[in-house]
Amino acid sequence: MISHSQASGAKQAKLIIRNLSKSYGEARVIRSLDLEVSSGEIVGLIGANAAGKTTLLNAVCGMISINAGSVTFDEVDLTGLSPHRIAQLGIGRVFQDVRLFPRSTVLDNVLLGFGAQSGERLWNVFFAQTRVASNEGRNVDSARQILMTLGKKLPLDIPAETISYGEQKLVALARLLALDARLLLVDEIAAGLSVPMRHKIAGLIRQLAGENRGVLVSEHDLAFVSETCTRVCILSEGRVLTVDSPGEILRSRVIRRLLYGV
Amino acid sequence: MIQVLANAICSGALLAVGAIGFGLVYFTTRHFHIAHGAVFTLGAYVALYVSYGFGFSVPLVSLSAMIVGFISGIAIERLLYAPLIRRKASNETVLLSSLGLYIVVANGIAIMAGDQNLMLRQVSQDPFQSFGVALTSIQVLQVVIAFVLIISLAAVLRFSRLGLALRAVTENPGLSVAHGLDLDRIRVIVLGSGSLLAGLAGCLAAIDTGVSPHIGLRAMLEASVCCLAVGSKSLLIQAAMAVTLMLLQGVTGWWFGVQWSSAATFLIVMVLLLRRAKRDPENRLG
Amino acid sequence: MDFPHILIMLAIYTLLVSALNIVLGYGGMISLCQAVFYGVSAYTTAILTTWLGWSSIPAMLVSGIVASVVALILGSISMHFRGNRFVLLTISLQVIVSAIVLNWTGVTGGTSGISGIRGPSVFGFMLTTKWEQAGFAVVLAAIALVLLSRFHDSPYQRAFSAIREDQLAAQSLGKNPKYFRFSALVLASLFSAVAGSLYALTTGFIDPTSFTIDESVFILAALAIGGSGNVRGPLVGAAVAVFLPETLRLIDIGGGSAANIRQILYGCALIIMMRFRPKGLAGNYDLS
């Protein structure tokens, strides 16, 4: 597995959310929420529909403003930063609806993940051709390698909208590898996938965490959660309720009631 | 000063007619319907043609303009937009076709009728005095028409099944289709009625200030501003925007000279759009 | 057929349509204010060379700077807008600038425009014959095309187009939409500025009627017909833009209504293109 991160040794980049609150008008979606994700951890986030899981992810990514509290990553305060800055700090996201760039090729989708591309500065495009070309060449090689490791049979040069749903999710993960994300926010990745694909992605997530990355898995699929996560948080009524070991989740009746109302 | 205000209310009323027509189309289809300007011009010249051919009377002329507008609207929808929609064309494609149609119609009219400003002269242009302001009868008529229009349209939207359907499509087209609403039929109705209003507005403009072949674009832009600058679907707000716009135009024309009034209008447009963006920072898509 | 003149107009429209292609073809932003950059630059060049005696190249450079300033203003105002509101904003800008050009008589000469503009001079050599000027124009256009071929398929363009497809997803990968929007607008304005300078220097006379919203619409129609999203499309669009009026003039249609007929043809072409061939004649990006 491609990982520049192995070279950086045991650098711990921690996501620390303290006292986070977010309201939409009268509705308080998140209240005084505390949560931490360290490198190497896979933290599950479960909760009923509309409990605020996606809102929480949006807040961390800087896509929505927050009313109170703080979010820091690797000791950098994320509040008020724009989404692209937060991404550049190493926080990557897999969206609930995947959101690959539909008309761009699979390869281009992954290439878009690489940061600090000299070819993305307009001046370089015109006046620094050689540097751009070599940078691009290296990125193309890395992208191919990432895609090979994730899905050997992924076709590279067709529009991303034409590949299957499961393959799209793999490419979404590949993008985050190109980004070299130290923290991955994964939103309902298990949804709509076949059982073998779910296992494959679960394995990939465990591998990624093993490369000194932190993963926050927001999920409905409890089986997937217990397969991947080292720790589980339940989001209910805007707060994180209990932090349990994953095995308990499947058995606990309290939790089932919280999630499904039965 | 009151005169300026009175004039603004009257021309605002005229603009409101066109704006509401544009808004009908815009809010249900989300398309920037440039061809609205084409129907506006068409309505104006139909009014001129009818009055030169058959003698002038306000009901005759406005009725013909409205009928032509209505038919044009339906034709535009069936022949121009519908094939594109069926193909799931992008908004850009639709906008460009609409622009193309506008160009064709405006220039076609220019060829047939010449480039100069034409006006229906038969209506009494002598303003009559009341409450210290001088207004022509057509100006008063504009206000009356706008008033009636807003009330009746609001009633239709609020109380009729059609109105309910329109509101549903405006809120959530996907869900509306899932509930069995025939989107194509609604599009036809909306385009037809919006264009009817455009034609009427054009006819009124021909009577009030005169028209030339290329004013349709300006008219459409001003109409779109009333709908987009504040983004409100409320008919009253659109009408209020129209009056405000005309008032600002009148005032700046008064202070700075008439040649600056349209520039001033669009400066105000930019300011309004900016304020809307600042107030709504999380909704970043235009 | 006045060949040098046609070459010059081809060069000018290649620049103008390619400029719009950057913003619209790759970036998806429909701009109806290209004539603003075109006109601002033409007037700046005219004023600097005719009234202040500057030579051509420095005047062109300053015209480019002025045009980019306008582009930066547009960029900062339009930061939060895409789609319909962006179009409206560009139209507003176009109308405002047209009014300024028309009415600021002291600086722009109002309706009379500016006449007696000297021809271009390169490093002290005056280019007096039409062929020399055409050569100058063609060289500039060729340089632009080289730059555009580097632009096409570059990482910058890839990211720029990704922002168009899904701005939020692009941001989540670290792409800064502000940088791309500003730089693209400035680039487009620079190309248009060169076209404006060329126009002023080679025709010797400019007035407000060449830089109105009709011109912006014309450039847009040319792009839609020629095709967008690659280097070829704008070239084809420019060719259509230049040769159609010339052909009409040869066939001598309509006399006084020639301009209107030309417009009608463009309008029809636009409608037909969008209906049957949204890629344009030679374009890459399917607008549908």
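Digging into the overall build of chain A
A tally of regular secondary structure across chain A gives 10 helices and 10 strands. Relative to its length of 262 residues, chain A is compact, with a C-alpha radius of gyration of 19 Å against a globular reference of 18 Å. Its C-alpha atoms put chain A at 60 × 40 × 35 Å along the principal axes. Per-residue burial for chain A yields a buried fraction of 43% across its 262 residues. Long-range pairs, those at least 24 residues apart, make up 70% of the contacts in chain A with a sequence separation of at least 6.

A few points about the overall build of chain B
Looking only at helices and strands, chain B has 11 helices and two strands in total. Along chain B, from the amino end to the carboxyl end, the secondary structure elements read α-α-α-α-β-β-α-α-α-α-α-α-α. Against the compact-globule benchmark of 19 Å for 286 residues, chain B has a radius of gyration of 19 Å, which places it among compact chains. Along the first, second and third principal axes, the C-alpha atoms of chain B reach 55 × 45 × 35 Å. By residue count, 49% of the 286 residues in chain B fall in the buried class.

Quick word on the interface of chain A and chain C
Contacts between the two partners involve 29 residues from chain A and, on the opposite side, 21 residues from chain C. Contributing elements (two or more residues each) for the side of chain A that touches chain C: α2 (83–88), α3 (106–111), α4 (122–127), α5 (129–150) and α6 (165–179) of chain A. Each residue belonging to the side of chain A that touches chain C can be placed in one class, and the counts come to 14 nonpolar, eight polar and seven charged.

A few points about the interface of chain C and chain B
The interface is formed by 36 residues belonging to chain C together with 39 residues belonging to chain B. If you list the elements that add at least two residues to the side of chain C that touches chain B, you get α4 (83–103), α10 (213–226) and α12 (258–276) of chain C. Here the side of chain C that touches chain B gets 15 residues from one element, more than from any other, and that element is α4 of chain C. Each residue belonging to the side of chain C that touches chain B can be placed in one class, and the counts come to 23 nonpolar, 10 polar and three charged.

With respect to the nonpolar core
Grouped together as the largest cluster of nonpolar side chains are 277 residues, with contacts concentrated most on I12, A222 and L270 of chain C. Setting aside residues up to four positions removed in sequence, L270 of chain C forms contacts with L96, S97, L99 and G100 of chain B together with A221, A224 and I225 of chain C.

Some details on the sheet that holds strand β1 (residues 15–24) of chain A
Residues and elements named next belong to chain A. Pairing is antiparallel in the open sheet, where four strands are placed in the order β2-β1-β4-β5. Since the sheet does not close on itself, it has two edges, and those belong to β2 (27–37) and β5 (76–77), each with one partner. Sheet topology places β1 next to strand β4 (residues 68–73); five bridges connect them, and they run antiparallel. Bridge pairing in β4 links L15 to F73.

Here we look at the confidence of the model for chain A
Model confidence for chain A is summarised by a mean pLDDT of 86, while 90% of its residues fall at 70 or above. In the model, residues 1–9 of chain A has pLDDT below 50 throughout and makes 16 contacts with residues more than four positions away in sequence or in other chains.

Digging into the pairing of β1 of chain A
Residues and elements named next belong to chain A. Bridging between β1 and β2 involves seven bridges; their strand directions are antiparallel. Following the sheet pairing, I17 is matched in β2 by L35. The turn joining β1 and β2, which pair antiparallel and follow one another in sequence, is formed by two residues; a positive phi near 65° is taken by G25.

Examining the environment of Q34 of chain C
All names here are of chain C. On the secondary structure map, Q34 appears in helix α2 (residues 34–51). Taking the number of C-beta atoms within 10 Å as the measure of exposure, Q34 has 29 and is therefore buried. A sequence separation of 14 residues divides Q34 from L20, and the C-alpha atoms of the two residues are 7.0 Å apart. With residues up to four places along the chain from it excluded, the contact list for Q34 reads L16, A19, L20, S192, S216 and I219.

Some details on helix α1 (residues 53–61) of chain A
All names here are of chain A. Burial analysis of α1 places eight of its nine residues in the buried class, the great majority of the element. Those residues of α1 that fall on the buried side of the exposure criterion are K53, T55, L56, L57, N58, A59, V60 and C61. Directly after α1, the chain includes G62, whose backbone phi takes a positive value near 80°.

Some thoughts on the environment of F95 of chain A
For F95 of chain A, the position within the fold is in the loop between β6 (91–94) and α3. When the 20 C-beta atoms within 10 Å are taken as the criterion, F95 of chain A is described as buried. The sequence separation of F95 of chain A and R144 of chain A amounts to 49 residues, and the corresponding C-alpha distance is 22 Å. Discounting chain neighbours no more than four positions away, the residues touching F95 of chain A are D187 of chain A together with A169 of chain C.

Quick look at the environment of S51 of chain B
Relative to the helices and strands, S51 of chain B is located in helix α2 (residues 35–54). Separated by 13 residues in the primary sequence, S51 of chain B and S64 of chain B have C-alpha atoms spaced 10.0 Å apart.

Regarding the confidence of the model for chain B
Here chain B averages 84 in pLDDT, and 91% of its residues register 70 or above. Of all secondary-structure elements in chain B, the lowest mean pLDDT belongs to strand β1 (residues 128–130) of chain B, at 66, while helix α3 (residues 58–86) of chain B reaches the highest, 92.

Description of helix α4 (residues 91–113) of chain B
Taking 1.5 Å of rise per residue, 23 residues should cover 33 Å, and α4 of chain B covers 33 Å from first to last C-alpha, within 8% of that figure. With 19 of its 23 residues buried, α4 of chain B lies for the most part within the structure.

A few points about unusual backbone geometry
Residues and elements named next belong to chain A. Its identity is not glycine, yet V98 carries a phi of approximately 60°, on the positive side. Secondary-structure assignment places V98 in the loop between β6 and α3. The phi dihedral of D180 is positive, around 60°, even though this residue is not glycine. On the secondary structure map, D180 appears in the loop between α6 and β7 (183–187). C-beta crowding within 10 Å serves as the criterion here: with 19 such atoms nearby, D180 is assigned to the partly exposed category.

Brief notes about the packing of helix α1 (residues 3–26) of chain C against helix α9 (residues 177–203) of chain C
All names here are of chain C. Their axes nearest at 8 Å, the elements α1 and α9 cross at an angle of 165°. Comparing their axes, α9 and α1 come out roughly antiparallel. Handedness of the crossing formed by α1 with α9: left-handed. The segment α1 lies against α9, with I8, A11, I12, L15, L16, S18, A19, L20, I22 and V23 engaging A184, L185, L187, A188, F191, S192, V194, A195, L198, Y199 and T202. Taken together, the residues of the contact of α1 with α9 sort by class into 18 nonpolar, three polar and no charged.

Procedures and definitions
- Residues numbered from 1 in each chain as written.
- Chains lettered and ligands numbered in written order.
- Predicted model: local features only at pLDDT ≥ 70, side-chain atom pairs only at ≥ 80, totals over all residues.
- Helix = DSSP H or I, 4+ residues; strand = E, 2+ residues; numbered from the N terminus.
- Rg over C-alpha atoms; globule rule 2.2 N^0.38 Å.
- Buried ≥ 20, exposed ≤ 12 C-beta atoms within 10 Å, placed from the backbone.
- Contact = placed C-beta atoms within 7 Å.
- Nonpolar A, V, L, I, M, F, W, Y, C, P; charged D, E, K, R; others polar.
- Core = buried A, V, L, I, M, F, W, Y, C linked by C-beta atoms within 7 Å.
- Pairing = 2+ DSSP bridges.
- pLDDT = per-residue confidence, 0-100.
- Expected span 1.5 Å × (residues − 1).
- Axes fitted to C-alpha atoms, helices over the stretch in contact; angles between N-to-C directions.
- Parallel < 35°, antiparallel > 145°, perpendicular 65-115°, else oblique.
- Left-handed = near helix turned anticlockwise from the far one by under 90°.

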